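Per-entry structural report
This is what each chain is made of:
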Amino acid sequence: SLDTRGICATQLRPLCCYPFAPIMEMRSLMSIVLLALCQLLDAELHTRYPDRTWNASPQPERQLSAARLPPLKDVRAPEAPEDEGPDAEDESAAVPKPPPVVVQAPLPARDALPKAEHVGGTNPIVIKGNFLYDSVTGKRFFSKGVAYNPRNIKFETHMKGSCTPGEPKLRQLDYAEDPTQASMKPLWMEALYSIANMGANTIRLYNIDPNISHTNFMAEAAKLGLYVVVPLTRHDWGYLPAGMPSPSCYTADVEGYGNVGTNVLTSAKLIVKEFSKYDNTLMFTVANEMTVADSKGWAAFPCVKALTRDIHRYQADCRASMRRVPLLYTAADTGSSTVVEYLTCELENEDDAVDAYGLNVYSYCDEQYLDGQGKDNFRNSPYWTIHTQFKHFSKPLIFSEFGCNTGTFLTSCPYVGGRTWPDVKTFFEDHQLGEILSGAIAFEFSMEPNEYGLALTPGFTSDAANKDSTYLLDSYFALKREFEAHNVSERWDGAEIAGCSWLPSKAHKMSYKHRQSKCPLSKEVKKLFKDKRIKTKPNWAKLPPTPSGTSWGELASCAEYEVSAELLHEASCHKNASISRISSSNSSSNGSNSSGSSSS
């Protein structure tokens with residue numbers, strides 16, 4: 001019921017509406033607008049339902065023909081009869097019905113996976129131009145990956161399908177818990193084995209606890225030839241608050257938590273210190289999807305650059321005994337080239353620019369994108385926009401998540417069919433993404449409430465095939481076929497790892513010239529803030545300062561292992577890793593870390 005000071009009155013009911021009462025006053029623009037809306041709605045109702053009678057006052061409700069219109073739920077509060085009190089029984093109340101009995105169809109039988117091959121280790125990966133390279137063989141490396149963040153859940157009633165929940169063997173993990181912990185070894189060993197057997201070489205993690213050792217997990221992954229993308233920010237402690245605009249997202253003191261900058265940098269440096277010693281650490285994710293959880297995240301990007309700067313300085317200070325693992329930012333595929341340019345440009349200096357950029361992409365939702373001749377045409381696909389935006393990009397581009405599960409690929413438990421991954425071939429084709437993309441990580445291995453999983457963790461359903469072991473789904477085998485069928489071109493092999501000026505174009509001609517990112521102009525940032533309706537004044541021109549109190553305890557000294565001469569020389573190619581930094585790193589390895597010092 002709408003009643004605005006006698007201007008307009010009506011009762012709105014499911015599928016029917018009565019003409020609005022005459023306008024009593026015409027004293028404001030609002031009354032004119034309301035009158036126009038009333039007339040438009042009245043005309044639309046007469047057009048759609050010409051055989052209905054529309055009276056000027058409410059009439060007793062009539063029984064609608066079920067053949068004419070489907071029944072709709074009446075969301076109005078029930079009205080008590082005028083002659084009955086509030087305690088009178090409602091004879092029309094529905095009698096509760098017992099829930100339907102769900103009988104799960106048996107899961108299709110699966111052949112046992114072949115025995116996993118132990119490849120004997122993984123060489124560190126380095127960046128040359130917009131490609132990734134094996135630092136020992138000089139061969140181009142393409143990251144074929146799977147996201148791994150199992151919570152060890154069981155089928156839930158709000159999920160799609162007709163499965164019945166099982167009883168997971170291991171306890172359910174909270175979202176912020178580290179799934180690589182020792183107590184979860186039975187789960188992650190099966191996962192590593194399965195991922196390696198599908199032709200993948202990378203897994204992406206989302207939650208890491210720097211207070212526990214990851215030696216066992218990383219060693220088992222390395223034996224299977226698996227690299228790991230490791231997050232530097234965490235969910236509960238050591239996070240970048242997207243809801244705070246810069247500089248607060250790196251300087252604020254939060255009651256009961258402490259200083260956000262000190263905590264996130266301390267946590268990130270602990271993770272860097274441990275994981276840099278593993279040759280199969282592929283990259284560190286410095287932040288993920290800052291604009292998704294909170295629209296204020298657009299104003300928090302200076303904090304991402306500040307954390308990037310401070311981690312790069314930590315790596316430079318400890319470079320004699322700590323490998324310079326590349327830093328990656330992973331973004332929702334919003335199509336904002338302004339953000340890409342900002343995070344990969346040198347604002348203060350090279351330290352604040354991320355080394356690689358990731359897109360979480362879920363737009364390829366059809367088997368084919370046909371042109372006028374009925375042929376599948378890459379230019380008609382959603383990836384053509386990405387091709388156009390990044391063909392001149394000078395740093396590695398990673399699909400840090402990919403794999404649409406809607407439209408053609410929609411499925412429900414027991415998840416027969418599902419995703420067929422027709423986009424994988426475009427990652428390797430010339431004139432598509434072959435010279436642009438350096439990796440693609442499918443989302444995700446385990447079935448979670450969002451139902452993107454390639455596998456059911458033990459006890460997800462009540463089926464005997466899933467009771468005590470991981471059950472691999474059709475989507476897993478479809479991705480396995482695609483990963484095994486497509487490989488990166490060898491034309492750009494032969495990288496000179498220690499050569500600071502070496503680029504892939506020296507191995508083979510490239511179709512596009514690659515330009516270094518330029519920081520956006522102030523007018524471009526203002527336009528972005530206006531388009532995104534950010535109330536905060538544009539704040540990208542200045543970065544927050546390095547927080548204090550992050551060089552004590554375990555972080556008072558650098559890691560103690562030896563970096564190869566080739567990797568040490570490669571790290572020195574970065575402009576701000578000067579001779580003074582080399583001296584600093586040598587002294588810091590003996591216990592006098594100068595982390596947080598200003599760049600030379």
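Rules used in this analysis
- Residues numbered from 1 in each chain as written.
- Predicted model: local features only at pLDDT ≥ 70, side-chain atom pairs only at ≥ 80, totals over all residues.
- Heavy atoms only, no water.
- Pairing = 2+ DSSP bridges.
- Helix = DSSP H or I, 4+ residues; strand = E, 2+ residues; numbered from the N terminus.
- Core = buried A, V, L, I, M, F, W, Y, C linked by side-chain atoms within 4.5 Å.
- Buried < 20%, exposed > 50% of the residue type's maximum accessible area, 1.4 Å probe, protein only.
- Contact = heavy atoms within 4.5 Å.
- Axes fitted to C-alpha atoms, helices over the stretch in contact; angles between N-to-C directions.
- Parallel < 35°, antiparallel > 145°, perpendicular 65-115°, else oblique.
- Left-handed = near helix turned anticlockwise from the far one by under 90°.
- Nonpolar A, V, L, I, M, F, W, Y, C, P; charged D, E, K, R; others polar.
- pLDDT = per-residue confidence, 0-100.

Quick notes on the sheet that holds strand β7 (residues 140-141)
As summarised here, the arrangement of the 3 strands in space is β5-β6-β7, forming an open sheet in which the pairing is antiparallel. In this open sheet, the two strands that pair with only one neighbour each are β5 (125-128) and β7. Of the strand pairs in this sheet, β5 and strand β6 (residues 131-134) are connected by 4 bridges, and their pairing is antiparallel. Residue pairing for β6: Val-126 is matched across the bridge by Tyr-133.

Quick word on the nonpolar core
Phe-301, Tyr-329, Tyr-357, Phe-399 and Phe-427 are the most contacted members of the largest nonpolar core, which totals 98 residues. The contact partners of Tyr-357, leaving out residues within four places of it in the chain, are Leu-328, Tyr-329, Ala-331, Val-339, Val-340, Leu-343, Thr-344, Phe-390, Phe-393, Pro-396, Leu-397 and Ile-398.

Details of the sheet that holds strand β9 (residues 202-204)
Around the barrel, which closes on itself, the 8 strands sit in the order β8-β9-β10-β13-β14-β15-β16-β17 with parallel pairing between neighbours. Pairwise comparison of adjacent strand axes, ignoring direction, gives a mean angle of 30° for this sheet. Sheet analysis places strand β13 (residues 281-288) next to strand β14 (residues 327-332), joined by 4 bridges and oriented parallel. Looking across to β14, one finds that Phe-284 is bridged to Leu-327. Across the sheet, helix α8 (residues 383-390) touches β15 (356-361) and β16 (397-402), and the angle it forms with β15 is around 165°.

Section: the packing of helix α2 (residues 185-196) against helix α3 (residues 215-223)
Packing of α2 against α3 leaves a shortest axis separation of 10 Å and a crossing angle of 20°. One finds that α2 runs roughly parallel with respect to α3. Every pair of crossing elements has a handedness; the one defined by α2 and α3 is right-handed. Between α2 and α3, the residues in contact are Lys-185, Trp-188, Met-189 and Leu-192 and Asn-216, Phe-217, Glu-220 and Ala-221, respectively. Residues of the contact of α2 with α3, tallied by class, amount to 5 nonpolar, 1 polar and 2 charged.

Points about the confidence of the model for the chain
Residues of the chain with pLDDT of at least 70 account for 78%, and the chain-wide mean is 83. Within the model, pLDDT remains below 50 along residues 1-27, and this stretch shows 57 contacts once partners closer than five positions in the same chain are excluded. The model gives residues 578-600 a pLDDT under 50, and that stretch makes 56 contacts with residues more than four places away or in other chains.

So, the pairing of strand β17 (residues 437-442)
Along any regular strand the residues' side chains alternate between the sheet's two faces. Most of β17 is tucked away: 6 of the 6 residues are buried. In this structure, strand β8 (residues 143-147) lies alongside β17, joined through 4 bridges in parallel fashion. The partner of Gly-145 across the bridge, within β17, is Ile-441. With 4 bridges joining them, β16 and β17 adopt parallel strand pairing. Opposite Phe-402, over in β17, you have Ala-442 as the bridge partner.

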